[in-house]
Structures are given as structure tokens and as C-alpha cells.
Amino acid sequence: MNKNLVSTVAVIPARGNSKRIPGKNLSEFGSKPALAHSIKIALDSGVFSKVLVSTEDPEIAKCASKEGAEVVNRPTELADDYTPIMPVIVHAIQNSVPEAEVVCLVLATAILLAPERLRDAHTTLMADPFLDYVIGVRRFDTPPQQALFLDQDGFVSMESPEMFNKRSQDLPPLYYDAAQFSFGRREAWLQGKQSFTSRTRAIQLPRWEAIDIDEPEDLAYARLLFEAQPNK
């Protein structure tokens, strides 16, 4: 950790009661749980004075402390299936790092993210005082302008029929939030500002670093990519 950056912290939300993938944040990758890898990535970036893990789960808290993070005890009302991420970050700021000027949300399952992406995002935010956020994005693999809709009987229609005769190479590339990290200024988090505004810039991530683990098949795919990395 860079001790000179006393106002820059990472917050990793990691609740224990995941429904679609039970125990997701402690899922094994190699010899360590997912959370341990995301903590190491944040620490290896060198831009944070503190790495916090917000959780209500004792096992996750134990893992976080072992890996060098500080634990934020999250109240149970902020740990259910319906709590959005913004109140969790605000709680961590207000209760643990009220002095923080820059706060980076890092996902507990961002196990393939390269530390230099966090460094690049931090540099980008610090270079422009008018920015609220810098987020990681990934390009859609195929043009979403030509998306198909399936009805309950499995019949297909185009979401945008006017795009039927368009060549894919003629359509502008579109991107989505890769759900790996979001750097934001303290005021933006506390004011609940959305990160998809003209005051947000993006760092484009390669597809192998941007696996959002929501379903069991995502977890299996992420493990394959993890094992394919050198020195694993």
C-alpha cells in the first residue's frame, strides 16, 4: 500500500448470503478464496492507503483480516438480496473512512483484474478534477443493436427491426459496466450520483479480466480462465 495516498481507499462489499451461488465470495480459486485474490489485487495496485471489506459474515471477516484488509461490520439491513450497492459504500465511508477523498468499489470476485487497471483508473480520475467516477467497461462481443427477443413460446423477433440489414462492422461499438471496479470521489458516493453521466470516464478491460460471476456457469468459466494464467 502507498502510505502517501492517505485519502484513497478501496471498499470490497462481500456479503455472506449469496443465493444464486452460495458462498460465492469464498469460492476457491487455486488455493485461496475469491475474496483473497481481490484483496491482493487491490493491495498490489499500490494506490490505496486502506483496503476495507464490508461484510456481515464472520467467515468472510476472518478471511479479510487474514489477507490484510480491514473489516467494516455491515448491518444486516444492508446485507439482504435487495440492498443496492450505493448505501453499502456510503456506510463504509461514514463509519470507517470519513476522511477519504477517493473511494474505489472493488468487487469481491474481481479475481482476474490486473492491478494496473486500478492504477490507470486512479491516474485518470486524479488528472481531471471535474470527474466524478472512473469505471471499468467491456465491449459487447456482438452488436446489441441487433439483439433478439424471445417470447414465452420461444418465437424470435428483433428488438430493433430497423437494424436487420445493417452490417455489424458498420454499427458503433457499445460497452457495458464490467462490474469489476468503480473509482469515485467521496462527494459523488455520498450524494448518490449515478456513475453513467458525462462526468464519468471509462477504462476498457479485456474480456478475460471482466468476468461478472452471477451464475454457476460464470464461476466455472472464471475458474478455467484463472487456471490458464501463468504461474497458477
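Coordinates for the structure precede this section.
Below, the structure is looked at part by part. Because the structure is predicted, anything quoted here is derived from the model rather than measured.

### Details of the pairing of strand 4 (residues 50-55)
Line of reasoning, step 1. For strand 4, a buried count of five out of six residues is recorded, marking the element as mostly surrounded by other parts of the structure.
Line of reasoning, step 2. Inspection of the sheet shows strand 1 (residues 8-13) paired to strand 4 by five bridges, in the parallel sense. When the sheet's bridge partners are listed, Ala10 is paired in strand 4 with Val51.
Line of reasoning, step 3. With four bridges connecting them, strand 4 and strand 5 (residues 70-73) associate as parallel partners. Among the inter-strand pairings, Val53 is bridged to a residue of strand 5, identified as Val71.
Line of reasoning, step 4. For the crossover that starts at strand 4, traverses helix 2 (residues 58-66) and ends in the parallel strand 5, the hand is right-handed.

### Observations concerning the sheet that holds strand 7 (residues 133-139)
Line of reasoning, step 1. Strand order across the open sheet formed by seven strands is 5-4-1-6-10-7-11, with mixed pairing between neighbours. Looking at the sheet topology across the chains shown, the edges are occupied by strand 5 and strand 11 (200-204). Within this sheet the neighbouring strands show an average axis-to-axis angle of 30 degrees, counted without direction.
Line of reasoning, step 2. Of the strands in this sheet, strand 1, strand 6 (102-106), strand 7, strand 10 (175-185) and strand 11 touch helix 4 (residues 115-127), which is tilted by about 60 degrees from strand 10.

### A look at a nonpolar patch on the surface
Line of reasoning, step 1. The grouping of Leu148, Leu150 and Val156 at the surface amounts to a nonpolar patch, some 310 Å² of accessible area in total.
Line of reasoning, step 2. Of note, Val156 is situated in strand 9 (residues 156-158).
Line of reasoning, step 3. Judged by its relative accessible area of 53%, Val156 is exposed.

About the thresholds
- Residues numbered from 1 in each chain as written.
- Predicted model: local features only at pLDDT ≥ 70, side-chain atom pairs only at ≥ 80, totals over all residues.
- Heavy atoms only, no water.
- Buried < 20%, exposed > 50% of the residue type's maximum accessible area, 1.4 Å probe, protein only.
- Helix = DSSP H or I, 4+ residues; strand = E, 2+ residues; numbered from the N terminus.
- Pairing = 2+ DSSP bridges.
- Right-handed = clockwise from strand over helix to strand, strands pointing away.
- Axes fitted to C-alpha atoms, helices over the stretch in contact; angles between N-to-C directions.
- Contact = heavy atoms within 4.5 Å.
- Patch = residues over 30% accessible without salt bridge, like charges linked within 9 Å, V, L, I, M, F, W, Y side chains within 5 Å.
- Areas by Shrake-Rupley, 256 points an atom, 1.4 Å probe, with all protein chains shown as cover.
- Salt bridge = Lys/Arg side-chain N within 4 Å of Asp/Glu carboxyl O.

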